[in-house]
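# An overview of the molecular structure
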Amino acid sequence: MQSLKKTFFTAVVFLGSFSCYFAQAEDSNPSCTLESRLQQLITEQEETERLHRLFDLYWDWRIAENPEDATFLGYAGKHDQWLDLSSAAINRRQHFTHQLLNILSSISTTDLNQEDIVSYKILKSILEEDLMESEFGNHYLLINQMHGIHLTIPLIIEIMPTKTVQDYENILARLSRLPILLQQVIDLLEQGIAAGITPPRIAIRSVPQQILNQITENPLESPLLRAFRQIPSSI
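In this numbering scheme, every chain counts its residues from 1 along its sequence in written order. With the structure being a predicted model, the display of local features is reserved for residues of pLDDT at least 70 and the display and counting of side-chain atom pairs for 80 or more, all residues being used for whole-chain, interface and lining totals. Where side-chain values are given, they derive from all heavy atoms of the structure, hydrogens and water being excluded.

## Things to note about the environment of P199
Just so we agree on the cut-off: Secondary structure elements are defined from DSSP: runs of H or I of at least 4 residues count as helices, runs of E of at least 2 residues count as strands, and each element is numbered from the N terminus. Residue exposure (1.4 Å probe, protein chains only): buried if accessible area is under 20% of the type maximum, exposed if over 50%, otherwise partly exposed.
When you line up the elements, P199 lands in the loop between helix 10 (178–195) and helix 11 (201–204). By relative accessible area, which is 25% here, P199 ends up partly exposed. Considered as a pair, P199 and N144 are 55 residues apart in the sequence and their alpha carbons are 7.3 Å apart.

Below, the structure is given as structure tokens:
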């Protein structure tokens, strides 16, 4: 939930800068990877153009790395996946964030207009906060009574599209991938315990009951299967 709130705030701020992205998404060159686009920004000369390209890259990267955020924002193509919480993926995201921040910091704000300066400062704050959270070990603090997979999973499943056969196949695909996600979360929680990084007891006191509230005797009454109780007649 915390990630989704940050995503919503980010979307509101940057959608103006990324207005052309959605129109261009289907025409983008698949060989032009995020990493290669990042390297191109190093040699780009004009500061305003670099900044706008960086905004586009940050948005594309965030959508690519965060399937739940993509679903929350209504972006198609990621509805069958979950955020990868493996150590390799966490390290990859941290490294890419460092690279984004380094390039952003190399852009001079002298000739930027006021709107771009505001967006520059907001993106810089977001990237710096992400890195500080990572250094603190925030990826070990995955569950409390306000956010966590026990709340995010049913929320994302509930807001997924349910109009076509593919929509329902996406839901089934996500459900089938839950064991991998749950194991990744368990591994991180255990690593957090070993590192002495855990939430305070009071922050998780309601979590067991929140989970129990979702367990039903009839499987079809589960919040995870709500979509299957109202399948459109066209399917």
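And the narrative resumes.
## Description of the environment of E46
Threshold: Between N or O atoms, a polar contact is any pair within 3.5 Å; within protein, one atom must be a potential hydrogen donor and the other a potential acceptor, and residues adjacent in sequence are included only when both atoms are from side chains.
On the secondary structure map, E46 appears in the loop between helix 3 (34–43) and helix 4 (47–65). Considered as a pair, E46 and I107 are 61 residues apart in the sequence and their alpha carbons are 9.2 Å apart. Separated by 3.2 Å, the side chain of E46 and the backbone nitrogen of T48 make a polar contact.

## Looking at the packing of helix 3 against helix 6 (residues 87–105)
When two helices pack together, you describe them by how their axes are tilted relative to each other and by the distance separating the axes. For clarity, the threshold we go by: To get an axis, a line is fitted to the C-alpha atoms, and for a helix only the part in contact is used. The angle between two axes follows their N-to-C directions and goes from 0 to 180 degrees. An angle below 35 degrees is treated as roughly parallel, one above 145 as roughly antiparallel, one from 65 to 115 as roughly perpendicular, and anything else as oblique. Crossing handedness is defined as follows: a turn of the near helix away from the far one that is anticlockwise and smaller than a right angle gives a left-handed crossing, while the clockwise case is right-handed. Every residue pair with non-hydrogen atoms within 4.5 Å of one another is taken to be in contact. In this classification, Asp, Glu, Lys and Arg are treated as charged, Ala, Val, Leu, Ile, Met, Phe, Trp, Tyr, Cys and Pro as nonpolar, and every other residue, Gly included, as polar.
Remark: helix 3 packs on helix 6, axes separated minimally by 10 Å, with the N-to-C direction vectors making an angle of 25°. Compared by their axis directions, helix 3 and helix 6 come out roughly parallel. As helix 3 packs across helix 6, the resulting crossing turns out to be left-handed. Listed contacts from helix 6 to L34, E35, L38, Q39, L41 and I42 of helix 3 are F96, Q99, L100 and I103. Here the contact of helix 3 with helix 6 is built from residues that sort into 7 nonpolar, 2 polar and 1 charged.

## Regarding the confidence of the model for the chain
Note the threshold: Confidence scores labelled pLDDT are given residue by residue by the predictor and lie between 0 and 100.
Scored by pLDDT, the chain comes out at a mean of 87, with 86% of its residues at no less than 70. Long-range and interchain partners of residues 11–31, a stretch whose pLDDT sits below 50, account for 23 contacts in this model, where long-range means more than four residues apart.

## Brief notes about helix 6
In plain terms, the rule: One less than the residue count of a helix, multiplied by 1.5 Å, gives the span that helix is expected to have.
Over its 19 residues, helix 6 extends 27 Å from the first C-alpha to the last, a length consistent with the 27 Å expected when each residue adds 1.5 Å. Residues of helix 6 that are buried include every one of A89, I90, R93, F96, T97, Q99, L100, L101, I103 and L104, and no others. For helix 6, the secondary structure elements touched by its buried residues are helix 3, helix 4, helix 7 (114–136) and helix 10.

## Considering the pattern of salt bridges
Applied cut-off: Salt bridges are defined by distance alone: a side-chain nitrogen of Lys or Arg within 4 Å of a carboxyl oxygen of Asp or Glu.
Under the counting rule described, the total for this entry stands at 9 salt bridges. Note that R93 is salt-bridged to E65, the shortest N-O span being 3.4 Å. Of this pair, R93 sits in helix 6 while E65 sits in helix 4, and the two are 28 residues apart along the sequence. Here E65 falls in the buried class, since its relative accessible area comes to 12%.

## Remarks on the side chain of Q210
Structurally, Q210 is set in helix 12 (residues 207–212). Engagement of the side chain of Q210 in a polar contact is seen with the backbone oxygen of Q145, the distance being 2.9 Å. Contacts of Q210, omitting those with residues within four sequence positions, involve N144, Q145, H150 and L151.

## A word on the packing of aromatic side chains
Stated formally: Whether two aromatic rings pair depends on their centres lying within 6.5 Å, for rings of Phe, Tyr and Trp, where Trp uses its six-membered ring; planes under 30 degrees apart make the pair stacked, over 60 edge-to-face, and the rest tilted.
Considering all chains together, one arrives at 3 aromatic pairs under this definition. Relative to W61, the ring of Y58 lies with its centre 6.1 Å away and its plane at 50°, an arrangement referred to as tilted. With Y58 and W61 both in helix 4 and 3 residues apart, this pair spans about one turn of that helix. For the residue pair Y58 and W61, the accessibility class agrees, reading buried in each case. Overall, the relative accessible area of 7% leaves W61 in the buried class.

## Quick notes on a nonpolar patch on the surface
To keep it simple, the criterion reads: Put simply, a patch holds well-exposed residues, over 30% relative accessible area, that have no salt bridge, with like charges counted together within 9 Å and Val, Leu, Ile, Met, Phe, Trp or Tyr side chains within 5 Å. Where accessible areas are quoted, they stem from the Shrake-Rupley method and a 1.4 Å probe; at the residue level, only the protein chains shown are allowed to cover.
A grouping of V165, I231 and I235 is seen on the molecular surface, where their side chains present a nonpolar patch of about 240 Å² in accessible area. With respect to the helices and strands, V165 occurs in helix 9 (residues 165–176). With a relative accessible area of 46%, V165 lands in the partly exposed category.

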